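The lines below spell out each chain.
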Amino acid sequence: MRLVHDYYAELVFTKKIMEQKLSKNIYKKLVAASENLEPLDQSIAGEVAHAMKEWSLENGATHFTHWFQPQRGGTAQKHDSFIDYGEGGEIIERFSASQLVQSEPDASSFPSGGIRSTFEARGYTAWDPTSPVFLLEAGKTKTLVIPSVFLSWTGEVLDLKTPLLRSLIALNEKVINLQKLLGNENAKRIKVFAGIEQEYFLLSKKAVKSRPDITVTGRTLFGGKPAKGQQMEDHYFGNIKGNILKFMEDVDYELYRKGIPVKTRHNEVAPNQFELAPLHQEENLAIDNNLQIMEILGKVADEHNMVALLHEKPFAGVNGSGKHFNWSIGDNTGTNYFEPSKSPLKNISFLLAVCAVLLGVKKFGGILRASVADAGNDYRLGANEAPPAIMSIYLGEFVNDLLDSIEKASIINEKEVNEITLGVENLPSVNRDYSDRNRTSPVAFTGNKFEFRALGSSANPAEAGTTLNLIATYGFDEIYNRIEAKKGSDVKKKALEVVKEIIAETKDVRFEKNGYSQDWHIEAAKRGLPNAKNTPEALKLFLDEDVIKVFSKYNILTERELKSKIDIKLENYVKTKEIEYKYAIKIVNTLLLPAILKHINVLAEANKNLSKFSEESEIFAKELEILVKLYGDIRKHRTDLANFLNADHGDFAATADEFASKGAEILESLREKVDTAEDLVADEFWPLASYQRLLNAF
């Protein structure tokens, strides 16, 4: 039996392999580019490409691909073989520096939000050396995968990775500037860490075959609540069934081979719902790994005759699936800026880091909500299974009391604040959590990190990561400027005065109670916090003048790139809803109405036959009346939905608003009638697998 360390990262071009295959000088330069955010020395690309090719061929690879993250979602790749013609016309295997550094996939069919016309097809992928290359296996085929950014011919953003990398550069600059101001000369480079927990459903492939809505839309458009769903709370952390455990073991094996350090696996709240969580890694790598995790879940599920569902709300009335983004900021010395410490300087850094996040959420909480907005997540946010759409911060009793104490202090100096924070010295060293958890908060401090809980299960976490980095960059920059503007030579004293000011002015975004309660919605409105109920509302928050300026100021996205991003997200939203609405009509027309009609005919015939032997002439009259009315109601709502789809709603923004409101209302009305009919029509006629069957197929 092979132990994990025997095959861990065997499909990755690791540092160990680099060191073996590259000269010492080239290896040093490549590591500097990947770890220290230094520009890549183009002169080393030739030797690196040769080493990658040799390693790939040794491991059976025949092709290479630049692997990138288009704004449509998911990942994209175009495979090229290593073969080329030699000088004598013979076939040789070649991989050049230019092929490693840049490729040119046809970009005409990728969404650009108006940045390019369809006939302007040029788009470039460029190697991202901060994320390691790896091998992709499919049967006997292996392909060298090169994580990359994706840009237009004019250099404008066409992907989700480029803004993330830009945000890391901006955050690095502002945090290091502040540390230097505080007298910390040891911090040279900021490291942002992420731990991304992934929730998903597993369904029987056989059961899904009778649910074409799942196949087409990723969720059930119709379906009544099961008699036994999650109300017994017996699935969460329950014993993992044998066939599921075998699936999880195969997933772990594939992830370990890719160097993805998955740590935790368990049953989630809903039946057939599960979660896996890796160890924390640097943010860019953690996000790339999460994209691989989603792909591997689907691949392994298929091999086990299962279907892995990543939709945010596959089943109405049953918990949906999210993705918890654990996020922290540290530096090259090993310091975590979100962890209280015995060191006075580190405690000041801790307070300033928390204040930077408070400032960012206070000013730009709306775009944090917008960063997780899509059609699937609209079904999940704001319910009792996911945080509300109001962006607030839960700090927990320890930090909350600490900030309140600083705010109330009459004199602010390092000695007094150090005395206030001495309480952490008495905590056991193993206790990293200085507060209870609040699962109803979208942004919760959990001891030494913040947990952003509002992401949808299918989302590319890059958007949330970029936004967290951006709002923190704004916060650190604002703090630096405020300290610099204060008079006096005692930098730490000035920093603590700024902390006290920020604590007072950001109290509106601190909320320690139940985020699910209706009272919080009322209170949040009084505080002036944005509460976008759906994706179109949320995306409008990106168009605020201050938002456009902050994206541009820190070189994350230009105004044109930001507006194109919004256009793409609106277009994706409209198309997703349109597919759902169109397919709901098709299912009703071709499957459900005929099924109801069959049952009506059986009842009518039975009523006719049995009336010959009974004094009651209409034995099934009531049942017939109910079903006939339901049949008519379903036809009406179906027609309403068809008419709605055929109407001209205006541009994408106006159409998105209509689809989110009126369209959703019509589909919900249709669904209500269909779900009622499901409980009345005989199973032999009803063509869709019930929730009970789907959620209890194992």
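Residues numbered from 1 in each chain as written. Predicted model: local features only at pLDDT ≥ 70, side-chain atom pairs only at ≥ 80, totals over all residues. Heavy atoms only, no water.

Draft legend 1. Spotlight on the confidence of the model for the protein. Chain-level pLDDT for the protein is 89 on average; 90% of the residues reach the 70-or-more range. Put simply, helix H14 (residues 414-420) is where the protein has its lowest mean pLDDT, 55, and helix H15 (residues 462-485) is where it has its highest, 98. Counted against residues more than four places away or in other chains, residues 421-432, with its pLDDT under 50, gives 11 contacts. (pLDDT = per-residue confidence, 0-100. Helix = DSSP H or I, 4+ residues; strand = E, 2+ residues; numbered from the N terminus. Contact = heavy atoms within 4.5 Å.)

Draft legend 2. Just the packing of aromatic side chains, in detail. Under the criterion given, the structure shown has 22 aromatic pairs. Residues Phe68 and Phe150 carry aromatic rings whose centres are separated by 4.4 Å and whose planes lie at 40° to one another, so their mutual orientation is tilted. Here Phe68 is found in strand S1 (residues 61-68), whereas its partner Phe150 is found in strand S8 (residues 141-152), with 82 residues between them in sequence. Comparing Phe68 with Phe150 shows no difference in burial state: the two are buried. Ring geometry for Phe82 against Phe95: centres 5.7 Å apart, planes inclined by 80°, an arrangement best described as edge-to-face. Note that Phe82 is positioned in the loop between strand S2 (76-81) and strand S3 (83-85) and Phe95 in the loop between strand S4 (91-93) and helix H5 (97-101), a separation of 13 residues in sequence. We note that Phe82, like Phe95, is buried. Three or more aromatic residues link up through ring pairs in this structure, and these residues are Trp327, Phe338, Phe350, Phe445 and Phe450. Above the plane of the ring of Tyr379 lies Arg219, whose end atom (NZ or CZ) is 4.0 Å from the centre. (Phe/Tyr/Trp six-rings, centres within 6.5 Å; stacked < 30°, edge-to-face > 60°. Buried < 20%, exposed > 50% of the residue type's maximum accessible area, 1.4 Å probe, protein only. Lys NZ or Arg CZ within 6 Å of the ring centre and 35° of its normal.)

Draft legend 3. Region of the structure containing the pattern of salt bridges. The full count for this structure, using the stated rule, is 45 salt bridges. Linking Lys21 and Glu58 is a salt bridge whose minimum nitrogen-to-oxygen distance equals 3.0 Å. Of this pair, Lys21 sits in helix H2 (residues 15-21) while Glu58 is found in helix H4 (residues 45-58), placing the two residues 37 residues apart along the sequence. Residue Lys21 is classed as partly exposed on the basis of its relative accessible area, which comes to 29%. Glu58 sits in the exposed class, given a relative accessible area of 55%. The residue Asp252 makes a salt bridge to Arg265 at a minimum N-O spacing of 2.6 Å. Here Arg265 lies in strand S10 (residues 262-267) and Asp252 lies in helix H9 (residues 242-257), a separation of 13 residues in the sequence. Relative accessible area serves as the criterion here: at 12%, Asp252 is assigned to the buried category. Assessed through its relative accessible area of 32%, Arg265 is described here as partly exposed. Through salt bridges with shared partners, one network takes in Arg2, Glu10, Glu137, Lys142, Glu254 and Arg257. (Salt bridge = Lys/Arg side-chain N within 4 Å of Asp/Glu carboxyl O.)

Draft legend 4. A nonpolar patch on the surface, seen in detail. A contiguous nonpolar patch, built from Ile83, Tyr85 and Ile91 and spanning about 350 Å² of accessible area, is present on the exposed surface. Structurally, Ile83 is set in strand S3. Of the residues examined, Ile83 reaches a relative accessible area of 48% and is grouped as partly exposed. (Patch = residues over 30% accessible without salt bridge, like charges linked within 9 Å, V, L, I, M, F, W, Y side chains within 5 Å. Areas by Shrake-Rupley, 256 points an atom, 1.4 Å probe, with all protein chains shown as cover.)

Draft legend 5. Expanded view of the nonpolar core. Counting residues in hydrophobic clusters, the biggest one holds 131 residues, and the most contacted among them are Phe325, Trp327, Phe452, Ile479 and Phe551. Here the element with the most residues in this core is helix H20 (residues 559-610); it accounts for 17 residues. With 28 residues, the next largest nonpolar core counts Tyr7, Phe274, Ile296 and Ala308 among its residues. (Core = buried A, V, L, I, M, F, W, Y, C linked by side-chain atoms within 4.5 Å.)

Draft legend 6. Region of the structure containing the environment of Thr62. The topology assignment puts Thr62 in strand S1. Between the C-alpha atom of Thr62 and that of Gly195, which follows or precedes it by 133 residues, the distance is 33 Å. Non-local contacts of Thr62, meaning those with residues more than four positions away in its chain, are made with Ser81, Phe82, Thr141 and Lys142. A distance of 2.7 Å separates the side chain of Thr62 from the side chain of His63, its partner in a polar contact. (Polar contact = N/O pair within 3.5 Å; in protein donor to acceptor, adjacent residues only side chain to side chain.)

Draft legend 7. Spotlight on helix H19 (residues 545-553). Val547, Ile548, Val550 and Phe551 are the residues of H19 that are buried. Summarising the axial view, the buried residues of H19 lie within an arc of 165°, below the 170-degree limit, and thus occupy one face. Turned more than 90 degrees off the buried face of H19, the exposed positions are Glu545 and Lys553. The N-capping residue of H19, defined by a side-chain oxygen 2.9 Å from the backbone nitrogen of Asp546, is Asp544. Following H19 by one or two positions, Asn555 has its phi on the positive side, about 60°. (Arc of directions from axis to C-beta.)

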